[in-house]
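So the chains spell out like this:
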Amino acid sequence: MFRWKQILLACLWLVTFATAQELRQRPRYTLRSGDVIELQYRYTPELNQTVTVLPDGFVNLNQIGDVKLSDLTVSQAHDLIVKKAEVRLNDPDINLILREYQRPYVVVAGEVTTPGKIDLRETTTAMQAILLSGGFKQSAHSNQVLLFRKINSDTAEVKTLRLTNVHKTAQLEQDAVLEPGDMLLVPRNKLENVSRYMKLFNIGAYINPLQLVP
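The rules behind these values
Residues numbered from 1 in each chain as written. Predicted model: local features only at pLDDT ≥ 70, side-chain atom pairs only at ≥ 80, totals over all residues. Heavy atoms only, no water. Helix = DSSP H or I, 4+ residues; strand = E, 2+ residues; numbered from the N terminus. Expected span 1.5 Å × (residues − 1). Buried < 20%, exposed > 50% of the residue type's maximum accessible area, 1.4 Å probe, protein only. Arc of directions from axis to C-beta. Contact = heavy atoms within 4.5 Å. Polar contact = N/O pair within 3.5 Å; in protein donor to acceptor, adjacent residues only side chain to side chain. Salt bridge = Lys/Arg side-chain N within 4 Å of Asp/Glu carboxyl O. Pairing = 2+ DSSP bridges. Phe/Tyr/Trp six-rings, centres within 6.5 Å; stacked < 30°, edge-to-face > 60°. Axes fitted to C-alpha atoms, helices over the stretch in contact; angles between N-to-C directions.

> Tell me what's going on with helix α2 (residues 74–85), and back it up with residues and numbers.
Three- or four-residue spacings in an α-helix give side chains the same orientation, since the helix completes a turn every 3.6 residues. Compared with an ideal rise of 1.5 Å per residue, which puts 12 residues at 16 Å, α2 spans 16 Å between its outermost C-alpha atoms and is within 8% of the ideal. Taken together, the buried positions of α2 are occupied by A77, I81, V82 and A85. An end-on view of α2 places all buried positions within 135 degrees of arc, on one side of the element. Structurally, α2 contributes buried residues whose contacts are with β1 (36–41), β3 (58–61) and β5 (94–100).

Here you go:
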């Protein structure tokens, strides 16, 4: 009986450790267009304001002007604003609060039953996203699914996922954990020219250079 308790405790510890590791590795939320932030100045409350991140990633702040905050974490945005404010204010004490945010999502396009946006509420793999989109159509080429992932404002990577037999344990490594902003394209036929699909989805501008992972 004591041995079984030891085994159970060991299993619980492993689950807790794995969960903690996943949380540490999960990227922090970064600001994006449509997010609403509030600035609170401790000593100069007349400068307090609430602003929305514009489509170009900028906000216009009192005493500071235009500042680009997209792709920054809340902590990074706070530090940048403080640095900018120090030009006109002496040792500014600023509190930055994220009031509203755009739910992280991925886009599934192409030969699936219900293409569109899927909110990321938990860890989601490419195959899970496709199943949430109704699954593959009969016309889908499931062994050459493209995963588009934006690296920064100028660069993205394109990865080919072979998901035909991903339900088999030996093929699970072919799946991929998705990140906010990812786009999955399920083609109808074998892809001959990736650039055609980049132009189709108007993402060619930020794929430079193109990294195609077989």
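> Give me the lowdown on the side chain of E111, citing residues and values where you can.
Residue placement: E111 occurs in the loop between β6 (105–110) and β7 (116–119). Side chain to side chain, E111 and S139 meet in a polar contact 2.4 Å long. Setting aside residues up to four positions removed in sequence, E111 forms contacts with G135, F136, K137, S139, A140, V186, P187 and R188.

> Describe in detail the environment of T50, supporting the description with residues and values.
By the element assignment, T50 lies in strand β2 (residues 49–52). Relative accessible area serves as the criterion here: at 48%, T50 is assigned to the partly exposed category. Counting along the chain gives 46 residues from T50 to L96, while the straight-line C-alpha distance between them is 9.8 Å. Apart from residues no more than four positions distant in its own chain, T50 is found in contact with V36, I37 and E38.

> Describe the pattern of salt bridges, and please don't skip the residues or the numbers.
Enumeration over the complete set of coordinates arrives at 6 salt bridges. R42 serves as the salt-bridge partner of D93, at 3.5 Å between the closest nitrogen and oxygen. Of this pair, D93 sits in the loop between α2 and β5 while R42 sits in the loop between β1 and β2, and the two are 51 residues apart along the sequence. Among the salt bridges present, the one from D119 reaches R121, with a minimum N-O distance of 3.7 Å. Owing to a relative accessible area of 62%, R121 belongs among the exposed residues under this scheme.

> I'd like a description of the pairing of β2, backed by residues and values.
Consecutive side chains along a regular strand alternate between the two faces of the sheet. By the alternation rule, side chains of β2 split into Q49 and V51, which are all buried, and T50 and T52, of which none is buried. Judged from the 4 bridges that link them, β1 and β2 form a sheet pairing that is antiparallel. By the bridge assignment, V36 is partnered in β2 with T52.

> Which residues make up the packing of aromatic side chains, and what values do they have?
Each aromatic ring pair is summarised here by two numbers: the centre-to-centre distance and the angle between the ring planes. Under the counting rule described, the total for this entry stands at 1 aromatic pair. On the numbers, 5.5 Å between centres and 70 degrees between planes, the contact of Y29 with Y101 is edge-to-face. One end of the pair, Y29, is in the loop between α1 (2–25) and β1; the other, Y101, is in the loop between β5 and β6, with 72 residues separating them in the sequence. Look at Y29 and you get partly exposed, because its relative accessible area is 23%. Look at Y101 and you get partly exposed, because its relative accessible area is 44%.

> Now, about the sheet that holds β5: what can you tell me, with residues and values included?
To summarise the sheet geometry, strands pair through backbone hydrogen bonds and adopt either a parallel or an antiparallel arrangement. The strand order β2-β1-β5 describes an open sheet built from 3 strands, whose pairing is antiparallel. Every other strand in the sheet has two partners, leaving β2 and β5 as the edge strands with one partner each. Each strand axis lies, on average, 25 degrees off the axis of its neighbour in the sheet, ignoring direction. Along the sheet face, α2 touches β1 and β5 and points at about 135 degrees away from the line of β5.

> Give a description of the environment of K137 that names residues and reports values.
In this fold, K137 is placed in the loop between α3 (126–132) and β8 (145–150). Distance from K137 to E111, taken between C-alpha atoms, is 5.5 Å for residues 26 residues apart in sequence. When near neighbours in sequence (up to four residues on either side) are disregarded, K137 contacts E111, V112 and T113.

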